[in-house]
Structure formats: C-alpha cells, structure tokens
Amino acid sequence: MKRIFPEYTYGAGPRDGCWWDETIANPNWPEFQGDLNVDVAIVGGGFTGVSAALHLAENATSVAVLEAGPPGWGASGRNGGFCCLGGSKLGQKSMVRRYGREAAQAYETAEQDAVQLVADLLARHRIDADTHSNGETQLAHSRHAMDVLRRHADETGILHQAADLPALGMGGAFFGGYTLPVGFGLNPRKYLFGLASAAAASGVNFFQNSPVLNIEKTTSGFRLKTSAGQVNAQVVLICTNGYSSEDIPDWMSGRYLPAQSTVMVTRPLSQAELSAQGWNSDQICYDTRNLLHYFRLMPDGRFLFGMRGGLLSSPRSEAAIRAKVQQDFKRMFRAWASVEATHIWSGMVCLSRSLMPYVGAVPKQPGMFAGFAYHGNGVAMGTYSGRALARLALGQDARLPAPMRQSPERFPLGRWRRVLMPPAYALFALSDLR
Ligand SMILES: Cc1cc2nc3c(=O)[nH]c(=O)nc-3n(C[C@H](O)[C@H](O)[C@H](O)COP(=O)(O)OP(=O)(O)OC[C@H]3O[C@@H](n4cnc5c(N)ncnc54)[C@H](O)[C@@H]3O)c2cc1C
C-alpha cells in the first residue's frame, strides 16, 4: 500500500489513548486466510464499509469485509461521535454557484436523510450507543461570527443571543449561537459494532488485520489479495476514506487528501465543576471558527473536546497537538483549567479537491465503486454513502444528489499534495481572527 503520510500515521501511536476502546470490547473477527468467493468484497470496515455490508446482506448478497486493522481501527472507531449535518466543506453559496440551487437543495436533503438513517438503524437494530442531544448548536466565537450567524439564521433553527446562553447551560466566552433541530451525539464505537453485529447476523463475513494488498481484474470480476489468501468477487467497494492508499486501486492516487483530527475526553465532571463553568447542556456543539472546535457533555459526565489535528504526523507532532488541544480546551472553558484530560487521540479524516463527498464508479473498472471524502463529518454521511454503495453494487439507482456523483479530480502536486495544507490552515486561522 502506497500512502502519503508516514507509517506512524497508520500505526498505534496516534490512536493510543482512545476513550471509546474502554467502553466496548472488540468483536472477534478472524484474520482472512485461504480462498473465498463472494458477490461483493468491501475494502475497509468503517461506517461506509459496514453500512454497505449491512444493506447488501439485507438483499441476500454474499459479502466479505476486509479490514486492515483491528475492528474500528479507522476514523469510525475513534471519532467525536457527532451524528450531524455535513460531509462537504463547500459553503451554501458556493454550492449553489457551482451546482445550481436545486442540486444544492438536494444535497441538504441528503444530509438530513443521512442523520435520519443513523437514527433508524439504531432503532431497527436496537443499538444502544449512548445517544443524547436534540439537534446541534453552533456557538459564535466573536461578534463578527455572531453577525454572520444572525444573517444566515432562518425559521428552521433557533437563534440564541449571548444573554440566552447561561439559561441554556452553555456558559463560556461565546457571543451567541444557533441551534438546528437535526443531529445527536453517540458513542461511535458502539454504533459501529452494533451495525457490524447486525450485518454479521445477516451473514456478512468480517475479517480483521487483513489488508488488501492488490486488486486484480479477472474474467468474472476481481481478485483481492491479502498476505494470506485471496477473495474473488464480482463487485468491489472501496471504503477506505482517510486511510486510503494511492494504489488500492491506482485510480485513488491523488484524489483524496487525508487530514488529522484530535479529540480529548475529561474524567467525569462533578456537579460543582459543571456549575462553576455554567455548563450542563447535553447539546452537541461546535464553534464558528473555520478551524473549528467541537464539544459535548456526554451522558456519563465526561466532556469531549475535539479540533483539527497536526499538519505533521510523528511522535513529536502528536505530543504537540495533544498539548494544543488541552490548551484550547482550558482557554475556552476557563473554570476547568485544572481538569485533566484522561484520554487524547488522533485520526485521519478525508478531503476531496471539490470539497464534496464522492460515491460512485471507479472509472474503467466496471464493478468497482468507491465512497469517500466526508470532510470530517462521516458518522451520518459515511453511513448514507455505504447504503448508496450497496445500491450501486446491486445495479440499482444510488439515489444520490448530483454533487456527490461527480468523479473527483486529482489534487495538484501528486503525492506531495500535503504541502497544500499549511497555507490553507494559515488562511483559515487568519479569517478566524475576525
Ligand atoms: C478524531 C476524529 C474525530 C471525528 N469526529 C467526527 C464527528 O464527531 N462526527 C462525524 O460525523 N465525523 C467525525 N469524524 C470523521 C468520521 O469519523 C469519518 O468521516 C468516518 O468515520 C469515515 O468512515 P469510513 O468508513 O469511510 O472510513 P474509516 O472509518 O476511516 O475506515 C476506513 C478503513 O479502511 C481500512 N483500510 C484502509 N486501507 C485498507 C486496505 N488496503 N485493506 C483493508 N482495509 C483498509 C482502514 O484500516 C480503516 O479502518 C472524525 C474523524 C476523526 C479522525
């Protein structure tokens, strides 16, 4: 596998300290060995791959999911657990300009459907994923940001003035906020393993520590090689997102850009600590910065706080970003300046050049499809894209909005494309000063 970050990124280092590992045991998937024939082989066992597998198995299709690491190794097993709108990094105006009003509206509907899909799956498969929050609240980090929120607010949401926030249990240095009634928080690992368990009960074969090293075209489909065997399948779904490689398949090369995100979780906060900060809301929240912070008080009283990760990936830069997350947390929640983070970890999200997710065919490879680039919002959109991939594998209409169907262009600079990120982050940081 040719990947554009150093090996450290894909190993245990950034993942070490993930709180979710302590909340649920890993399912006991075997490692793949030997020869297997299935209708559909799925590369990657995160929300995209597992959702695709579940929806395929419900349609009497034989499926194998090959996961390179242990179950939940990628972003799906280590994210912030915000099941919310998103998936694109394009602003609403830019989306309308680029795709037209109708397509932009269709994408907004897809975002809402994606959140509803997760809620339906949790209910249908009786997955207890510690859900909470009634919609999602964006909090203004500056007066200017509040003016922007005010201009964009409409009747679908509720605008909060700064003076309203204490009564909502959102004490902090915020200039107001805006709540949309869509979205909730969950334990991502419980959700992922709940989905996988439902899929396994419907006959899906899951394999861990089984990286796909090569995909060959055969007369009847594809042969996926691992170090211990091969899977023959008529259809292949590439569900590797921020953990993708340049060569699985070659078409992926240059079309995705992984970026890091880092999360910390505190010990359970006492009532006195919550009162001191004036925070007792269980709402999922994020601030208005471009380089945003996301945070939520979880049902067990721990506080989760996340932000963009480092630009470099090494033991040294990981230590630096972990220190920075704690620093930002303490700056934003001053009453908790002495509250320690018991858990901190990092993982990879995925961007595309168009700043839109893609779900569709891998060109010149009939029977191969890919779904990726949720721009750090893949709990709902990854699940939704997985279902769309299942439909494509079954030869059905994926029922996707047009902006998600446009084949992604390559980033400039090939395997050096990571150098595009520091100037982009610097510009974002500058605009966040307003
Ligand atoms: C720290 C962090 C916080 C986040 N917070 C949120 C949040 O709060 N809300 C939200 O909506 N989104 C969040 N995200 C993003 C979200 O987690 C991802 O968008 C989503 O999980 C992507 O799912 P996926 O299945 O496409 O990819 P992943 O879950 O990353 O899974 C891809 C899998 O593919 C496997 N793989 C790669 N190559 C191969 C191969 N050759 N063979 C076999 N397997 C392979 C990898 O091991 C990996 O497990 C966060 C991400 C991170 C890292």
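Quick look at the structure, then.

Scoring rules and cut-offs
- Residues numbered from 1 in each chain as written.
- Predicted model: local features only at pLDDT ≥ 70, side-chain atom pairs only at ≥ 80, totals over all residues.
- Heavy atoms only, no water.
- Pairing = 2+ DSSP bridges.
- Helix = DSSP H or I, 4+ residues; strand = E, 2+ residues; numbered from the N terminus.
- Axes fitted to C-alpha atoms, helices over the stretch in contact; angles between N-to-C directions.
- Contact = heavy atoms within 4.5 Å.
- Polar contact = N/O pair within 3.5 Å; in protein donor to acceptor, adjacent residues only side chain to side chain.
- Near = heavy atom within 4 Å.
- Areas by Shrake-Rupley, 256 points an atom, 1.4 Å probe, with all protein chains shown as cover.
- Buried < 20%, exposed > 50% of the residue type's maximum accessible area, 1.4 Å probe, protein only.
- Salt bridge = Lys/Arg side-chain N within 4 Å of Asp/Glu carboxyl O.

Within the open sheet, the eight strands sit side by side as 5-6-4-13-14-15-12-16. Their pairing is mixed. Two strands in the sheet have a free side with no partner beyond their single neighbour: strand 5 (158-161) and strand 16 (341-351). Strand-to-strand twist across the sheet, computed as the mean angle between neighbouring axes with direction ignored, equals 20°. Alignment of strand 4 (residues 136-139) against strand 6 (residues 176-180), held across four bridges, turns out to be antiparallel. When the bridges of strand 6 are listed, Q138 appears paired with Y178. Its contacts with the sheet put helix 5 (residues 143-152) on strand 4, strand 5 and strand 6, and the angle it makes with strand 5 is roughly 150°.

In this section: unusual backbone geometry. Across the junction of I248 and P249, the peptide omega takes the value -5°, indicating a cis bond. Looking at the element boundaries, P249 is found in the loop between strand 11 (229-238) and strand 12 (257-266). The backbone of N241 shows a phi angle near 40°, a positive value even though the residue is not glycine. Counting through the fold element by element, N241 comes out in the loop between strand 11 and strand 12. For H375, which is not a glycine, the phi torsion comes out positive at approximately 50°. Its place among the elements puts H375 in the loop between strand 18 (368-372) and helix 9 (378-393).

Another aspect to go through is the side chain of N79. Tracing the backbone shows N79 in the loop between strand 2 (63-66) and strand 3 (82-83). At 3.1 Å, the side chain of N79 and the backbone oxygen of A75 are in polar contact. A polar contact is formed between the side chain of N79 and the backbone nitrogen of G81, at a distance of 2.7 Å. When near neighbours in sequence (up to four residues on either side) are disregarded, N79 contacts W20, F47, P188, W345 and V379.

Next up on the list: the site of the ligand. Around the ligand, the structure places 35 residues, and the nearest of them are T48, E67, S76, F82 and V212. In this structure, a nitrogen atom belonging to the ligand sits 2.8 Å away from a main-chain N or O atom of F82. Contact distances for the ligand include 3.0 Å between an oxygen atom and a backbone N or O atom of G378. Contact with the protein chains removes 98% of the 1,000 Å² of surface that the ligand exposes when unbound. Of all the secondary structure elements, the ones that give two or more residues to the shell around the ligand are helix 2 (47-57), strand 12, strand 16 and helix 9.

Counted residue by residue, helix 9 has 16 buried out of 16 residues, so it is predominantly covered. Just past helix 9, the residue G395 takes up positive phi, approximately 80°.

Right, let's get into the pattern of salt bridges. This model, assessed by the stated rule, comprises 16 salt bridges. Residue R417 pairs with E246 through a salt bridge whose shortest N-O separation is 2.7 Å. Taken together, the positions of R417 in the loop between helix 9 and helix 10 (421-431) and E246 in the loop between strand 11 and strand 12 put the pair 171 residues apart, joining distant regions of the chain. Each member of the pair R417 and E246 is classed as buried. With a shortest N-O distance of 2.7 Å, E318 and R322 are connected by a salt bridge. Linking E318 with R322, this pair stays in helix 8 (residues 315-332), spanning four residues, or about one helical turn. For E318, a relative accessible area of 5% corresponds to the buried category. Residue R322 is classed as buried on the basis of its relative accessible area of 17%.

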